[in-house]
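Structural overview for review
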Amino acid sequence: MIQPPNETPDTIQDVDRGDVDIAVIGAGIAGLVCAEQLRQAGYRVVVIEKSRGFGGRAATKRVPNFRADHGLRYLERSGRLLPVLIDALCDRDLLQPWNVRFCRVTPDGTLTPDLSPNPEPSAAISPQASPPSLNPIRGIIGISDAETPERTQVTANLVNPDQPSCQRYIAPAGANAIGKFLAQNLTVWRSRRAIGLLAVGDRWQVQLEAVAEGVDAPLSLTARAVVVAIPAPQALELIAATETIAPEIQATIAAVSYHPCLSVMAGYPAELAAADRGWDALQFTDDRALFWAGVESTKRKADQLCLTVHAAPEFARAQFDAPDLNACGQTLLDRLASHFPALAAHRPDFLVVHRWRYALIDRPFDRDCLSTRSPLPLVFGGDWCGTAQAETALRSGLAMAAEVTRSVDGRSLPTLDGMLTALGDGS
Ligand SMILES: Cc1cc2nc3c(=O)[nH]c(=O)nc-3n(C[C@H](O)[C@H](O)[C@H](O)COP(=O)(O)OP(=O)(O)OC[C@H]3O[C@@H](n4cnc5c(N)ncnc54)[C@H](O)[C@@H]3O)c2cc1C
């Protein structure tokens, strides 16, 4: 476990015993940014993460002889916050521009080359005022741009494939390098799922369950404030049994929904890489089965051709619980063959399909985070607080940190830039 360098021995013991100022649930971009903000402000913070990795949906999977990004495909230089993160990651060689042949596929199957990446992204972005809260309920605070960094509404390509694009960036070591970078000074209890919240006196008790065998105790944590930085439906499960949380909070979170996705990773012999297809990434518009396809092996050195294909929501919803996921994956590859005829003659050397139950936002919450102080400080957020995906996750992470300090003791927080500058290279 990496201990924050600026903590005193007493504090470390407290953290090890599971008594902290702030518990952050979820080690995705939103949770890690929030936790690091709070750590740099001097709070004792523990992050709880159910998986073994850092970064949540900014994820990388080991497949035979390769590492594939099966969640977040790339970061776009858009919005107000992502460029700051992108610059910090590029400075440390953790991210680099991804200049590949990107095409859009119209419903009739026509390929249109994407506009060349725009180095001046501001031209493509129109800052909008935050919309009024959908659900201004007493006791619930929907934090918006009045209190947090300026809100910029950017509908990313994944949500609106017609949106003009900006320069794209990928992590040569894999998208999970983003989470590793953000988590480098944080205490993260991995392979532990938060399963309940109980208000006991002036502290939250967070109940945990071990997800992997051999995970060390403790399996509970007490904290003055809790941040829940996980997809809204999972947040709803977490608080389902907490009677002291206002039903309006549950109703607000329940109104949020996500699209599922099936992410297919497939490897082919190297000679197929030479077969010209005219594209390296395809964004489909209104295809019932395909949403996106990318030549993953253009991101990092590979001895073979590796493709990542994302199912469209309609297909993913229909096939999510299919007993033979590989057959679903093959169906998607067969459909892709109309844009890459050489595929039709080959079976993949390997085929791995990952299910994302909560992949991309469908119905978002329209504020940067959702917060209550009754019975104790509790803040919710993540990429469901908007439609700009990683940009929203970043913005929500900052908003959650600001709201927690407000409800605890009002300490000041670093800027995003200042926070990132204080971090090393994540190795
Ligand atoms: C297939 C796919 C492609 C995408 N492509 C792009 C893209 O190109 N560009 C872009 O900007 N965005 C993209 N996104 C979206 C982007 O990945 C997300 O918007 C962003 O990573 C969300 O961050 P987050 O911190 O809000 O949530 P998450 O990344 O989901 O983090 C939540 C974390 O909480 C953990 N967790 C959940 N429940 C519990 C619990 N009870 N206890 C403990 N831990 C828990 C999870 O394991 C996870 O690590 C893509 C997503 C997917 C799935």
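Because the structure is a prediction, the values reported are computed rather than measured. Here the residue index of a chain counts from 1 through its sequence in written order. Owing to the predicted nature of the model, reporting of local features is limited to residues with pLDDT of at least 70; listing and counting of side-chain atom pairs is limited to 80 or more, with chain, interface and lining totals taken over all residues.

Further remarks concern the overall build of the protein chain. Note on conventions: DSSP H or I runs of at least 4 residues are helices, E runs of at least 2 residues are strands, and numbering of each starts at the N terminus. Scanning the protein chain from N- to C-terminus turns up 11 helices and 21 strands. Two residues qualify as being in contact provided that their C-beta atoms, derived from the backbone, are within 7 Å of each other. Across the protein chain, every contact between residues at least 6 apart in sequence was considered, and the portion connecting residues at least 24 apart equals 73%.

Bringing the site of the ligand into the picture now. Each residue receives a C-beta atom built from its backbone; the residue is near a molecule or strand if that atom lies within 6 Å of it. Within the structure, the ligand sits among 38 residues, and Gly26, Gly28, Gly56, Gly382 and Ala390 are positioned closest to it. Every element with two or more residues in the shell around the ligand is listed here: α2 (29-40), β12 (192-200), α5 (232-239), β15 (257-268), β19 (350-363) and α10 (390-408). As a working rule, the residues Ala, Val, Leu, Ile, Met, Phe, Trp, Tyr, Cys and Pro are called nonpolar, Asp, Glu, Lys and Arg charged, and the rest polar, with Gly in that last group. Class assignment of the residues belonging to the shell around the ligand gives a composition of 21 nonpolar, 11 polar and six charged.

This next bit is on the pairing of strand β2 (residues 45-48). Burial of the side chains of β2 extends over both faces: Val45 and Val47 are buried on one face and Val46 and Ile48 on the other. For two strands to be treated as a pair, DSSP must find no fewer than two bridges joining them. Alignment of strand β1 (residues 19-25) against β2, held across four bridges, turns out to be parallel. Across the sheet, the residue bridging to Ile22 is Val45, located in β2. Following the chain from β1 across α2 to the adjacent parallel β2, one finds a crossover that is right-handed. Bridge count for β2 against strand β11 (residues 188-189) is two bridges, and the pairing is parallel. Residue pairing in the sheet places Val47 in a bridge with Val188 of β11. Partly exposed residues are those falling between the two cut-offs: more than 12 but fewer than 20 other C-beta atoms within 10 Å of their own, whereas 20 or more means buried and 12 or fewer means exposed, with C-beta atoms placed from the backbone. Handedness rule for crossovers: strands pointing away from the viewer, path from the first strand over the helix to the second running clockwise, crossover right-handed.

This brings us to the sheet that holds strand β6 (residues 96-97). As summarised here, the arrangement of the three strands in space is β5-β10-β6, forming an open sheet in which the pairing is antiparallel. A single partner strand is all that each edge strand has here, and the edge strands are β5 (75-76) and β6. Summarising the sheet, β5 and strand β10 (residues 168-170) pair through two bridges and their orientation is antiparallel. Following the sheet pairing, Glu76 is matched in β10 by Arg168.

Quick look at the nonpolar core now. Note on soluble globular proteins: their nonpolar side chains tend to be buried together. What makes a nonpolar core is a set of buried Ala, Val, Leu, Ile, Met, Phe, Trp, Tyr and Cys residues, with links drawn between C-beta atoms within 7 Å. Of all hydrophobic cores here, the largest spans 127 residues; its most connected members are Ile22, Ala23, Val47, Val226 and Val227. It is α10 that provides the largest number of residues to this core, a total of nine residues. Not counting residues up to four positions away in its chain, the partners in contact with Ala23 are Val46, Ile48, Trp204, Val206, Leu221, Ala223 and Val226.

Take the environment of Gln207 next. Among the structural elements, Gln207 can be located in strand β13 (residues 203-210). Each C-alpha atom, one on Gln207 and one on Leu221, is 6.8 Å from the other, the two residues being 14 residues apart in sequence. Those residues in contact with Gln207 that lie beyond four places of it in its chain are Ile195, Gly196, Leu198 and Ser220.

Before going further, it helps to examine the sheet that holds strand β16 (residues 281-284). Across the sheet, seven strands lie side by side as β8-β7-β16-β17-β18-β15-β19; this open sheet has mixed pairing. Edge positions in the open sheet fall to β8 (111-113) and β19, since each of these has one partner strand only. For this sheet, the mean angle separating the axes of adjacent strands, direction not counted, is 20°. Pairing geometry for strand β7 (residues 102-105) and β8, over three bridges, is antiparallel. Note on β8: the bridge partner recorded for Arg104 is Thr112. Helix axes are fitted to C-alpha atoms over the stretch in contact, other axes to C-alpha atoms as well, and angles between N-to-C directions run from 0 to 180 degrees. Contacts between helix α9 (residues 325-336) and the sheet are confined to β15, β17 (290-295), β18 (305-311) and β19, with β19 contributing the most and set at about 85° to the helix.

What follows concerns α10. When the terminal C-alpha atoms of α10 are compared, their 27 Å separation across 19 residues agrees well with the 27 Å that a helix rising 1.5 Å per residue should span. Taken across its 19 residues, α10 has 16 buried, putting it largely inside the fold. Here the expected length of a helix is defined as 1.5 Å per residue gap, with one fewer gap than residues.

As a per-residue measure, pLDDT tells how confident the predictor is, with possible values from 0 to 100. Summing up the model confidence of the protein chain, the mean pLDDT is 87 and the portion of residues at 70 or higher is 84%. Every residue in residues 118-140 scores below 50 in pLDDT, and together they form 40 contacts with partners more than four places removed in sequence or on other chains.

Closest axis-to-axis distance for the α5/helix α6 (residues 247-254) pair is 9 Å, and the angle between their directions is 155°. On the basis of their axis angle, the class for α5 and α6 is roughly antiparallel. In this structure, α5 meets α6 at a crossing whose hand is left-handed. Residues Ala232, Ala235, Leu236 and Ile239 of α5 form the contact with α6, whose participating residues are Gln250, Ile253 and Ala254. A per-class count over the contact of α5 with α6 returns six nonpolar, one polar and no charged. Note on angle classes: values under 35 degrees are labelled roughly parallel, values over 145 roughly antiparallel, values of 65 to 115 roughly perpendicular, and the remainder oblique. Less than a right angle of anticlockwise turn of the near helix away from the far helix marks a crossing as left-handed, whereas a clockwise turn marks it as right-handed.

What follows is about the pairing of β17. Burial within β17 is extensive, with six of its six residues counted as buried. Alignment of β16 against β17, held across three bridges, turns out to be antiparallel. Each residue of the ladder has a partner; that of Leu282, found in β17, is Ala293. Taking the residues between adjacent antiparallel strands as the criterion, β16 and β17 are bridged by five residues, where Asp286 takes a positive phi near 60°. Sheet topology note: the β17/β18 ladder contains five bridges and is antiparallel. Note on β18: the bridge partner recorded for Val295 is Leu307.

Looking at helix α3 (residues 82-91), one finds that the buried residues are Leu82, Leu85, Ile86 and Leu89. When α3 is viewed along its axis, its buried side chains cluster within an angular range of 100° and face the same direction. Packed against the buried residues of α3 are β5, β10, α4 (176-183), α10 and α11 (416-421). Phi for Asp93, located one or two positions after α3, is positive at around 60°. To obtain the arc, one takes the directions from the helix axis to the C-beta atoms.

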